[in-house]
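These are the residues of each chain, in order.
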Amino acid sequence: MGKPTNPTVKKSGGSALKRLKTSLQSANLIGPQSAHSTKISKKKNSAKRLSELHSARKSAREQLRSMEAKSRESNPFEMKFSKPKYEVLNRKVKGVVGKPGLQRKKGEELRKKTLEVELGRKNKESAFVDRRFGEGDADMSIEDKMLERFMKEKSKRSDRSSTYNLEEESLTHMGHSLADDDAFLDAGLQRVDEDSDDGQIDRDTVKYTHFGGFDDEDEDPNRKKSKNEIMKEVIAKSKMHKRERQKQKEDDQDLAAEVDAELDDIRGLLNIADKSSSSDKPRRAPLPSQAQALAAAGIQAAAPSVGKRSREEDEDNDNDYDQFVRELAYDRRAKPTDRLKTEEEIALEEKERLEKLERDRVRRMQGLPTEDEEKAAAVSDRAKRAKGGKRETQADDLGDEQYGIALDKVLEREEEVPLMYKDGILVNKNVFLSKGRNSGGDGSGDEDEDDEEEESGSEEGSEIESSDEEGEEGEEGSDEEEREDDEGDGEDDSGEEGEEDGTDLETAPPPSRGRKQTVSADALSDEYEEDDGDEGEESDEEGDDTSGTASARTPDPTAAAELPYTFKAPTSHADFLTLTANRSPADVSTIIQRLRVLHNPKLGGNNKAVLETLFGILSEHLEYVASGSNQPESTALDIQILDLLSTHIIQLSQTFPTQISDWALTKVSKLQSRVAKSSKPIWPTVAELVSFKLIGSIFSTSDLVHPVVTPAMIVLGSVLEQGVGRTVVDLGKGLWICEVVFEYQQQSKRYVPELINYLSSMVVALLPSSTEPTSNPPGFFPLNTTPPSAFRIQNLSTPSTKIPFAKLFAPRGKGSKSEDVNTDEVKVALLVGGVQLLGRAARCWNESVGVAFEEVFGPVVEVLKGVDVEALEGVGKETVTTVLTLIEGLIASARLKRRPLQLQKRKPVPIATYVPRFQEHYSIDRKRNDPNTERNNKAKLQFQYKKEFKGAVRELRKDAAFVARKRREEQKEKDVAYKKKMDKLMGQLGSQEGAMRGYEREAKKAKKRR
Amino acid sequence: MAAPKVTKTGASATTPKKRKASAESAETNAITPDRVRQLAKECLESATKLNNLVELLDNANGEVSHTALVALQHVFSKLLERGDLKRPKKSNTKSAKDPKTKVTEWLRDLRGQFVAELLMHLSAGAADKQTTALQILLGMVKHESEHHDDFQNDLFERVVEACVSNDNLSENVLELLIRDINAFDDVRYYFYKDFGKYLNAIVPAEVGAEERRSKRRKMTVDPTKLPAVVNQGLSILTKLNPPPEKDEELGHCMANVSGETSKGQKKAQPALQAHQHRQAFTECWLAFMRQPLNDEVYKQILLMIHKRIIPYMTQATLLIDFLTDSYDAGGPLSLLALNGLFTLITQHNLDYPDFYKKLYALFDRNLMHVKYRSRFFRLVDLFLASSQLPAYLIAAFLKRMSRLCLNAPPAGILAVIPQIYNLLKKHPACLPMIHKEGDLPTLPAQDPFDYDEADPMKCKAIDSSLWELQVLKSHYLPSISGLAKIFEEDLSKPVYDLEDFLDHSYQSLYETETKKKEDEEGTAAALAVHVTVTGMFQRTAKSSFWELV
């Protein structure tokens, strides 16, 4: 309860009694004044006084009542306060002060007025409630209400009997629909004219069945229809709908008949070789439905035969039909293909492909993952395609490995060949046509149809041939490109051709087409005729156009005569050696090329394994040649064959990526273990030098981390770290490794300290003997090994040439001695080569080395300055001066770019702020400050609902309490009344008894007296 | 080597007659092992057959040398036990010799010959003979020591000499010797002592040679043998146990020194005093270090000096000269001397002026390429660990280290980068080297750092920037380029544990890289993109300086 803290009340006085007194006094109800007035009034006459007293009393009573009302308002004991959490000035909050007593009283009074009245009336008065349908609904018109009520009644009744509901299904009698009017004609019922049926019941109907209809008041639209009328209308409507449905059905049947009639034409168009479609017999009996439709349409043509036909024949025809439908369902529909792409488009695609590969490469270089998602998607796509067998590729979908897969499938399953158009002419119509024939089932086809086919076949055959040839000529260019970048794909074409031609053969095999015959998939392995040889040569040219091209393009008559076109695939290196014995490098390359063509993996079989063996043999042969074993008496290496072999290995590596990386890794690890085990400096063999060079051509060397190239770099670095070797050959090997390493890093421009060290120390080691060896030579390379004095160039003025690779790395002990290369000529060449490589490195690393360029190449400049430029001759002099000026220039520009480092500079991190979130238009009075009005309204509604709910519950409780109280009171009253009654009765009885006793006593007395 | 010969010739001169006689008898009887045994048996059985000894000695070098030598050892040990070899009284020598004395003297002579024979075998014989000789000699030393209750150093000294001066001592002998030396405390003591004495004898005459020379025997050491002596000595010394700390640990001796000696215990046995042991050890090592050592031996000594030599020396400061000289020698020797020097500085109060300056000088162009790089960087980490070092000094080291990285192998770079990081963390005053506050100047920055300045105080490294680290970001090895990027990130990592980085090599890096590949099996190596495939030579033929086409 609220506390009596009203300050105004407190001021006025202490207890409630006192306050009452003061208030009465202030109202002149008590106190001296009133006493005085009564005194005066006493003096007046009594009647007047009485009336005065009455009026005074009355006014006083009124006054008191009003005071009471006032005091109740202000009585602090009857007030309830709720303390607000925050006192805010000038803010009015509802409900801080509550008057529960007043509220209760109000409620009580209200209940008395309503609830008590009801309670009193309970079980005493009756009421009528209309529960008919729609009675309470004000929106419905009377008609609607009637209709609904009727329907409801009906449905209530018909729920049980819906199985026998005749409305929905059309009943028939003797095969005729009962719905047909004719059936009722016999029954004497007049037929309703269909044509004039406009949904109204016609006059006659009204006349005969509706008992003459109604009077004119009928016409009054406002008149309420009777139930009967309405029923009629409903029935009429339902009948009308039925008719409409029937009509629709008939229309459909007509249409079906029409289509059935046209079916034959369509089939003719499709050129179906059906045994039933021969001209002798009617092609096919119409289906029952068709027959019916035809009958309906009055077409007699097919009908007689239908009629005549025995039942068996009917069944037969049905079977045919079913079969035909099935065939149609399974028949692969010919799809249009994309048009052939123009050369520009092909070029564009190729460009995009290369760009994508380059993007991948750059990402790998930065150490980011390549677009894996794309790849994964492609893989799953491919898998899907492999499973589903749906071919989405286009006719000229070249250079795409997926196409290879698709083509493989084409080889397996002929029926998937799409229609191909070229210049608006259907290229492979015969494919489609032969398809139909094949699906015809048995071979006993009709002659005329065959003839037809033959005709069209030969016609189209010639067309195809010409277009084929055109295509070949046109595609030559694109083919070339393709073979160059991916040999395997290049071969796809031939596979495709073979496949196409294979179908050609089936339809109309002209014996003159020898070439295509051999290329056809199964005939290929045995023989290659001349044309195929040409093809091999062509692709050979494409493989390496600079080498033996001239001889290959215009075939040298003698070579062509000697070189066979088919070879047995070598199974070992020895086989290969016998195969290529006494062949020129170009011929060896051709042989390899032909082997590759012969055993193209796309041709099936175990060609892939054969090629893999070939690949192993080639890498072995590379080593064999590099070690000089192929020319025991020669003093130089055969560079040309190495180069050609490398071409083949690079091309094959596209097909065997895992094999090539295994091969490369074994090479790398072999050298690594040798270097790691030995305590002395180890220099790689020539074969290894060549292999490492080849690795750079095969793999993507710019990757940040590469499973082959990174280990290779480490191994090569460790070799270079050993310092300059003991012989000029070692020196040459070192320079070669430097160049290989530089090539590896050329694209990614990564810095290799070992390279700078090696080249610097090499230059210093080669400096002429005239310059005195100092204990601390220029440069920053380690001085862990002292170069042999034999390295010193005697005469700097020896004209410099290119470094003779073949001679320098020729196998030792076979006619050539190390003294042969220990000449000033070679040394000067090495010196110039080293300087040149330093220059290239400086230019390449300018960017990546960046700010510390001076620190890296400053020592190199010092080294180069040690070279007596004036003494050099020709190219050497030029090279050294160019490189020197280049590096100095780069150093100068690097100096200009240099700024102090600011590696830790980053965006300042803002200090965390804790400013409260400011809400616009905030009001403490508003309970809900949600800016979202919708949500706000919802919350409001919820709150209201809750409030109302609670209020309702409370009211109900109070009602119940009220009712209970009233009952109790009633009961009490009843009890009291009963008691009263009983007391009265008992009293009566007592008095009666008393009277009777008194009478008896008197009688006794009287008796006694007597 | 020379000494045994002298004694041998002397001995042979004394008994020409009897030898001849025995030689004649030897001719009659073919010598077989059985015969040898027979002779030895007879020798011991009757005094009259002592002449057999001569015959045995004659055969000591022949086919049956092994049997003969063993037999002789047996005979002489028996004779020793009988007392037949006891030195005759001095007083008797001048008077007419009685036959017994004569026999004794003759026997002693023969024993001398026998020993000489053995030593000759040991110093110049074949491998198996060396082993036999050593076994017999050590056996004799043991037997005689037991007999005399005192270690017979005279004999052992000669054994040591013979072993050490032999430049093709067999492995077996070495092993045997070392086993024995390690097994007995007194043997070890005497070995150190004898070897020290021997080494001192080598020292050229002008350095007070007279005092050092052996008083009893003239020790003339062939200077040409020095390298062999040094190598042999090192291989023995490195395998020997160090002297013990306390007297109580001693006691396992070859000679019977249990205390009940005839001479009483007035004079304690040196072999039982730890101090004596250490003294001998110190002197031996000092003498060894005084020898002209080749680089390999020098490195070996320096490698173990802080662990196996300095702690056992009586006076470690005696090594100061040796270490300082090595430290000043430059190159790898300096790196190795650092360790010993550091021990002296920290544990023996050595005050070494300009230590950091000299350390700074060690960072030269070869440093990153030498074998002992990781060992050096471990020490450098220790030396630069103090956070009280001035920033300019740290800066100088930082700059120098990063400069060396530019021409270093990957393993070296990997060792340096974390160290630079750790130092930067420890010395925030050096942070301007990687990050200069304020706006970048528009003018190019000249590097104030002077690489050639030997004094770290004057090289102005603190004003410079570590541009070199930027180069490493584009190093070809992915782990290095990744590691070099740590300076651009927040320096939030406390410190790197250097041990993870110091011991890399090309091989370990290679293994890491190839292992990585194995881990992610299945991803094929990325191939190069070829627009047109050309041969590998033709691709670069134009720009190449190789004559390839």
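- Where an unreviewed UniProt entry is consulted, chain B appears under the name CCAAT-binding factor domain-containing protein, with the organism given as Rhizophlyctis rosea.
- The Sequence similarities (unreviewed entry) comment attached to chain B in UniProt states, word for word, "Belongs to the CBF/MAK21 family."
- UniProt's Subcellular location (unreviewed entry) comment on chain B is quoted here verbatim: "Nucleus membrane".

- Where an unreviewed UniProt entry is consulted, chain A appears under the name Nucleolar complex protein 14, with the organism given as Rhizophlyctis rosea.
- The heading Function (unreviewed entry) in the UniProt record of chain A holds the text "Involved in nucleolar processing of pre-18S ribosomal RNA. Has a role in the nuclear export of 40S pre-ribosomal subunit to the cytoplasm."
- UniProt, in the comment section headed Subcellular location (unreviewed entry), describes chain A in these words: "Nucleus, Nucleolus".

## Considerations on the overall build of chain A
- Helix and strand content of chain A: 38 helices and seven strands.
- Counting every position in chain A, which comprises 1010 residues, the buried fraction comes to 34%.
- Counting contacts in chain A only where the partners sit at least 6 residues apart, residues at least 24 apart contribute 68% of the total.
- Total accessible area on chain A is roughly 63,700 Å²; 53% of this is exposed by carbon and sulfur atoms.

## Focus on the overall build of chain B
- Counting its regular elements, chain B contains 26 helices and one strand.
- The contacts in chain B between residues at least 6 apart in sequence include a share of 74% that link residues at least 24 apart.
- Approximately 25,900 Å² of chain B is accessible, and the part contributed by carbon and sulfur atoms is 51%.

## Quick look at the interface of chain B and chain A
- Contact residues are listed per partner, giving 77 residues for chain B and 98 residues for chain A.
- For the pair chain B and chain A, the summed buried surface comes to about 7,700 Å²; carbon and sulfur atoms form 62% of the total.
- Its largest share of buried area at the contact with chain A, chain B owes to R365, F545 and W546 of chain B, together 12% of the area lost on that side.
- Counting the contacts that link chain B with chain A gives one salt bridge.
- The partner of R403 of chain B in a salt bridge is E855 of chain A, with the nearest N and O atoms 3.4 Å apart.

## Structural notes on the confidence of the model for chain A
Residues and elements named next belong to chain A.
- For chain A, the average pLDDT comes to 73, and 65% of its residues sit at 70 or higher.
- Mean pLDDT values for the elements of chain A range from 38 in helix α20 (residues 514-519) up to 94 in helix α38 (residues 933-1009).
- Residue range residues 1-12 is modelled with pLDDT below 50. Its contacts to residues more than four positions away, or to other chains, number twelve contacts.
- Note that residues 388-419 has pLDDT below 50 and, in this model, 68 contacts with residues that lie over four places away or in other chains.

## Remarks on the packing of helix α26 (residues 607-626) of chain A against helix α28 (residues 657-677) of chain A
All names here are of chain A.
- Where α26 meets α28, the axes come as close as 11 Å, and the angle between the chain directions of the two elements is 30°. The pairing of α26 with α28 is recorded here as roughly parallel in orientation. For α26 against α28, the interelement crossing comes out right-handed. On α28, the residues that touch E612, F615, S619, L622 and E623 of α26 are Q659, I660, W663 and K667.

## Comments concerning the packing of helix α32 (residues 753-766) of chain A against helix α35 (residues 824-849) of chain A
Residues and elements named next belong to chain A.
- The N-to-C vectors of α32 and α35 enclose an angle of 150°; their axes lie 10 Å apart at closest approach. The angle between α32 and α35 places the two elements in the roughly antiparallel class. Seen along the crossing, α32 lies across α35 with a hand that is left-handed. Across the interface between the two elements, L755, I756, L759, M762, V763 and L766 of α32 pack against K827, L830, L831, G834, V835, L837, L838, A841 and W845 of α35.
- Of the residues in the contact of α32 with α35, the class split is 13 nonpolar, one polar and one charged.

## A look at the nonpolar core
- Of all hydrophobic cores here, the largest spans 288 residues; its most connected members are W845 of chain A together with F195, F288 and I301 of chain B.
- The element best represented in this core is α35 of chain A, accounting for 14 residues.
- Beyond its immediate chain neighbours, meaning those up to four positions away, W845 of chain A contacts F742, K749, R750, Y751, V752, L755, I756, G850 and F857 of chain A.

## As for the environment of K129 of chain B
- Within the secondary structure layout, K129 of chain B lies in helix α8 (residues 127-148).
- Each C-alpha atom, one on K129 of chain B and one on V173 of chain B, is 9.7 Å from the other, the two residues being 44 residues apart in sequence.

## Quick notes on a positive patch on the surface
Residues and elements named next belong to chain A.
- On the surface, a cluster of positive charge is contributed by R104, K946, K950, R954 and K958.
- The element contributing the most residues to the positive patch is α38, with four residues.
- Residue position: K950 is located in helix α38.

## Observations regarding unusual backbone geometry
- The residue N123 of chain A is not glycine, and still its phi comes out positive at about 60°.
- Relative to the helices and strands, N123 of chain A is located in the loop between α6 (115-121) and α7 (142-158).
- A positive phi angle, close to 60°, is found at K460 of chain B, a residue other than glycine.
- One can find K460 of chain B in the loop between α21 (410-426) and α22 (467-472).

## Let's talk about a nonpolar patch on the surface
- The grouping of Y86, V88, Y922 and I924 of chain A at the surface amounts to a nonpolar patch, some 420 Å² of accessible area in total.
- In this structure Y86 of chain A comes out as exposed when scored by relative accessible area, which is 53%.

## Focus: a negative patch on the surface
- A surface patch of like charges, here negative, comprises E250, D251, D252, D254, E258, E262 and D265 of chain A.
- Mapped onto the fold, E258 of chain A is located in helix α10 (residues 227-270).

## Topic: the packing of aromatic side chains
Residues and elements named next belong to chain B.
- This model, assessed by the stated rule, comprises 36 aromatic pairs over all chains.
- Pairing F281 with Y312 gives two aromatic rings, centres 6.2 Å apart and planes at 80°, and the pair type is edge-to-face. Taken together, the residues F281 in helix α14 (residues 274-290) and Y312 in the loop between α15 (295-309) and α16 (320-329) connect sequence positions 31 residues apart.
- Residue classification places F281 among the buried residues on the basis of a relative accessible area of 2%.
- Ring plane angle 80° and centroid distance 5.1 Å describe the contact between Y421 and Y496, whose orientation is recorded as edge-to-face.

## Focus on the environment of L240 of chain B
Residues and elements named next belong to chain B.
- Secondary-structure assignment places L240 in the loop between α13 (226-237) and α14.
- Relative accessible area serves as the criterion here: at 2%, L240 is assigned to the buried category.
- Taking C-alpha positions, L240 is 9.8 Å from Y192, a pair spaced 48 residues apart along the chain.
- With residues near it in sequence (within four places) discarded, L240 still touches I178, I181, N182, F191, Y192 and R308.

Conventions and cut-offs
- Residues numbered from 1 in each chain as written.
- Chains lettered and ligands numbered in written order.
- Predicted model: local features only at pLDDT ≥ 70, side-chain atom pairs only at ≥ 80, totals over all residues.
- Heavy atoms only, no water.
- UniProt positions renumbered as here; feature names shortened; annotations may be inferred.
- Helix = DSSP H or I, 4+ residues; strand = E, 2+ residues; numbered from the N terminus.
- Buried < 20%, exposed > 50% of the residue type's maximum accessible area, 1.4 Å probe, protein only.
- Contact = heavy atoms within 4.5 Å.
- Areas by Shrake-Rupley, 256 points an atom, 1.4 Å probe, with all protein chains shown as cover.
- Buried area = accessible area lost by both parts, 1.4 Å probe.
- Salt bridge = Lys/Arg side-chain N within 4 Å of Asp/Glu carboxyl O.
- pLDDT = per-residue confidence, 0-100.
- Axes fitted to C-alpha atoms, helices over the stretch in contact; angles between N-to-C directions.
- Parallel < 35°, antiparallel > 145°, perpendicular 65-115°, else oblique.
- Left-handed = near helix turned anticlockwise from the far one by under 90°.
- Nonpolar A, V, L, I, M, F, W, Y, C, P; charged D, E, K, R; others polar.
- Core = buried A, V, L, I, M, F, W, Y, C linked by side-chain atoms within 4.5 Å.
- Patch = residues over 30% accessible without salt bridge, like charges linked within 9 Å, V, L, I, M, F, W, Y side chains within 5 Å.
- Lys, Arg positive; Asp, Glu negative; His and termini not counted.
- Charge placed at Lys NZ, Arg CZ, Asp CG, Glu CD.
- Phe/Tyr/Trp six-rings, centres within 6.5 Å; stacked < 30°, edge-to-face > 60°.

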